[in-house]
Amino acid sequence: MNEDPFDGTQVLERLAEIGKVDAFYEAVDSDDFRKAKALMKHAGLDAETISKVLREMAEGDNAG
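What counts as what
- Along each chain, residue indices are assigned from 1 in the same order as the chain's sequence is written.
- Restriction of local features to residues with pLDDT of at least 70 applies here, the model being predicted, together with a cutoff of 80 or more for giving and counting side-chain atom pairs; totals for whole chains, interfaces and linings are based on all residues.
- Only hydrogens and water are set aside when side-chain values are computed; all heavy atoms of the structure are taken into account.
- Each residue is placed in one exposure class: buried if its accessible area under a 1.4 Å probe, protein chains only, is under 20% of its type's maximum, exposed if it is over 50%, and partly exposed if it falls in between.
- We count a stretch as a helix when DSSP gives it H or I for four or more residues in a row; a strand needs E for two or more, and each element gets its number in order from the N terminus.
- What the arc covers is the set of directions going from the helix axis to the C-beta atoms.
- Throughout this description, a polar contact denotes any pair of N or O atoms lying within 3.5 Å of each other; where both atoms belong to protein, one of them has to be capable of donating a hydrogen while the other can accept it, and for residues adjacent in sequence the pair is counted only when both atoms sit in side chains.
- Here, a salt bridge means any side-chain nitrogen of Lys or Arg that lies within 4 Å of a carboxyl oxygen of Asp or Glu.

1. Topic: helix α3 (residues 33-42)
Stage number 1. Of the residues making up α3, those classed as buried are A36, L39 and M40. The buried residues of α3 occupy an angular sector of 95° when the element is viewed end-on, so they sit on one face. Opposite its buried face, α3 presents the exposed residues R34, K41 and H42, each directed more than 90 degrees away.
Stage number 2. Of the residues one or two after α3, G44 is the one with positive phi, at around 85°.

2. A closer look at the environment of D46
Stage number 1. Position of D46 relative to the elements: it lies in the loop between α3 and α4 (47-63).
Stage number 2. You can call D46 partly exposed: its relative accessible area is 36%.
Stage number 3. A distance of 2.9 Å separates the side chain of D46 from the side chain of T49, its partner in a polar contact.

3. Considering the pattern of salt bridges
Stage number 1. For the coordinates displayed, the defined rule picks out one salt bridge.
Stage number 2. Across the pair E17 and R14 runs a salt bridge, and its minimum N-O distance is 4.0 Å. Note that E17 and R14 are positioned in helix α1 (residues 9-17) at a spacing of three residues, about one turn of the helix.
Stage number 3. The exposure class assigned to E17 is exposed, which follows from its relative accessible area of 61%.

Following this line, the structure appears as structure tokens:
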């Protein structure tokens, strides 16, 4: 289990502010890292948070 659990609440709140939560989930579901990153940048998330989310996406692919 991850020793530093990632809380995605901030990410979802920022995406909700720009009306892009559904688009983000679609990007995650389709493993579209480029689109997910672009949406998070557009939402004003910092580089560290974006990196964490992309890392979690990649690890999710390797979990199954």
